[in-house]
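Here is how the chains run, residue by residue.
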Amino acid sequence: MTTSNTGTGDVDPAVRAELDRLRDSIDNIDAAVVHMLAERFKCTQQVGRLKAVHRLPPADPAREARQIARLRSLAENAKLDPAFAEKFLNFIVAEVIRHHERIAEDTAKQRAVEPG
């Protein structure tokens, strides 16, 4: 089998078929990741509302540290770079905290205009 980086026309059909099969799997995994993240953010939005109603801080550094340790361990067991997993979680947590801060601000504004 011969392959070339010059284009797709001169790639062995068997190689092309395998490449397409693998890319289809990657596309399916990407779709699953997006759907899982959407579900995660639905839950974290609920957490943000609960925290705002009860005037809890948007961030929970102790939980975040436990989650990082847990994710690093899961990554190691899955043969995934733990540093990458930590970076990925830190990115998600930063977005969650941003959402929680916004929810807290909106809740505080709503309290300020409510009679009572």
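Okay, so let's go over this structure. These figures come from a predicted structure and were not determined experimentally.

1. With respect to the overall build of the chain
Reasoning step 1: Along the backbone of the chain there are three helices and zero strands.
Reasoning step 2: When the elements of the chain are put in sequence order from the N terminus, they spell out α-α-α.
Reasoning step 3: Each of the three principal axes of the chain carries a C-alpha extent, and together these read 75 × 30 × 20 Å.
Reasoning step 4: The buried share of the chain, taken over its 116 residues, is 18%.
Reasoning step 5: Intrachain contacts of the chain at a sequence separation of at least 6 include 54% that bridge at least 24 residues.
Reasoning step 6: Summing over all exposed atoms, the chain offers an accessible surface of approximately 8900 Å²; the carbon and sulfur share of this is 60%.
Reasoning step 7: Charge-centre separation for the chain: the mean point of 18 positive side chains lies 8 Å from the mean point of 18 negative side chains.

2. Here's the deal with unusual backbone geometry
Reasoning step 1: A positive phi angle, close to 55°, is found at Arg 55, a residue other than glycine.
Reasoning step 2: Even without being glycine, Lys 79 reaches a positive phi, approximately 65°.
Reasoning step 3: The topology assignment puts Lys 79 in the loop between α2 (61-77) and α3 (82-113).
Reasoning step 4: What makes Lys 79 exposed here is its relative accessible area of 75%.

3. Things to note about a nonpolar patch on the surface
Reasoning step 1: Side chains of Leu 80, Phe 84 and Phe 88 sit close together on the surface and give an oily, nonpolar patch of about 280 Å² of accessible area.
Reasoning step 2: With respect to the helices and strands, the residue Phe 84 is situated in helix α3.

4. Focus on the environment of Asp 60
Reasoning step 1: Tracing the backbone through its elements, the reader meets Asp 60 in the loop between α1 (13-53) and α2.
Reasoning step 2: Taking the C-alpha atoms as reference points, Asp 60 and Arg 16, separated by 44 residues in sequence, lie 48 Å from one another.

5. Concerning the layout of surface pockets
Reasoning step 1: Taken as a whole, the largest pocket spans an internal volume of roughly 310 Å³.
Reasoning step 2: Only α1, α2 and α3 provide two or more residues apiece to the lining of the largest pocket.
Reasoning step 3: Considering every element that reaches the lining of the largest pocket, the biggest residue donor is α3, with five residues.
Reasoning step 4: For the lining of the largest pocket, a count of residues per class yields seven nonpolar, three polar and five charged.
Reasoning step 5: Computed from the structure, the second largest pocket encloses a volume of approximately 170 Å³.
Reasoning step 6: Around the second largest pocket sit Arg 40, Arg 63, Gln 67, Arg 70, Leu 71, Leu 74, Phe 88, Leu 89 and Ile 92, which together line it.
Reasoning step 7: Counting only elements with at least two residues in the lining of the second largest pocket, the list comes to α2 and α3.
Reasoning step 8: Broken down by element, the lining of the second largest pocket gets its largest block of residues, five residues, from α2.
Reasoning step 9: Split by residue class, the lining of the second largest pocket holds five nonpolar, one polar and three charged.

6. Notes on the packing of aromatic side chains
Describing an aromatic ring pair means giving the distance of the ring centres and the angle of the ring planes.
Reasoning step 1: By the definition in use, this model includes one aromatic pair.
Reasoning step 2: Taking 6.3 Å as the distance between ring centres and 20° as the angle between the ring planes, the aromatic pair formed by Phe 84 and Phe 88 counts as stacked. One end of the pair is Phe 84 and the other is Phe 88, both in helix α3 and four residues apart, which spans about a single turn.
Reasoning step 3: A relative accessible area of 46% places Phe 84 in the partly exposed class.

Reading the values: the criteria
Residues numbered from 1 in each chain as written. Predicted model: local features only at pLDDT ≥ 70, side-chain atom pairs only at ≥ 80, totals over all residues. Heavy atoms only, no water. Helix = DSSP H or I, 4+ residues; strand = E, 2+ residues; numbered from the N terminus. Buried < 20%, exposed > 50% of the residue type's maximum accessible area, 1.4 Å probe, protein only. Contact = heavy atoms within 4.5 Å. Areas by Shrake-Rupley, 256 points an atom, 1.4 Å probe, with all protein chains shown as cover. Lys, Arg positive; Asp, Glu negative; His and termini not counted. Charge placed at Lys NZ, Arg CZ, Asp CG, Glu CD. Patch = residues over 30% accessible without salt bridge, like charges linked within 9 Å, V, L, I, M, F, W, Y side chains within 5 Å. Salt bridge = Lys/Arg side-chain N within 4 Å of Asp/Glu carboxyl O. 1 Å grid on protein atoms, 1.4 Å probe; cavity = no way out; pocket = protein on both sides within 12 Å on 5 of 7 lines; lining within 4 Å. Points joined across faces, edges and corners; volume = space filled by probe spheres on them. Nonpolar A, V, L, I, M, F, W, Y, C, P; charged D, E, K, R; others polar. Phe/Tyr/Trp six-rings, centres within 6.5 Å; stacked < 30°, edge-to-face > 60°.

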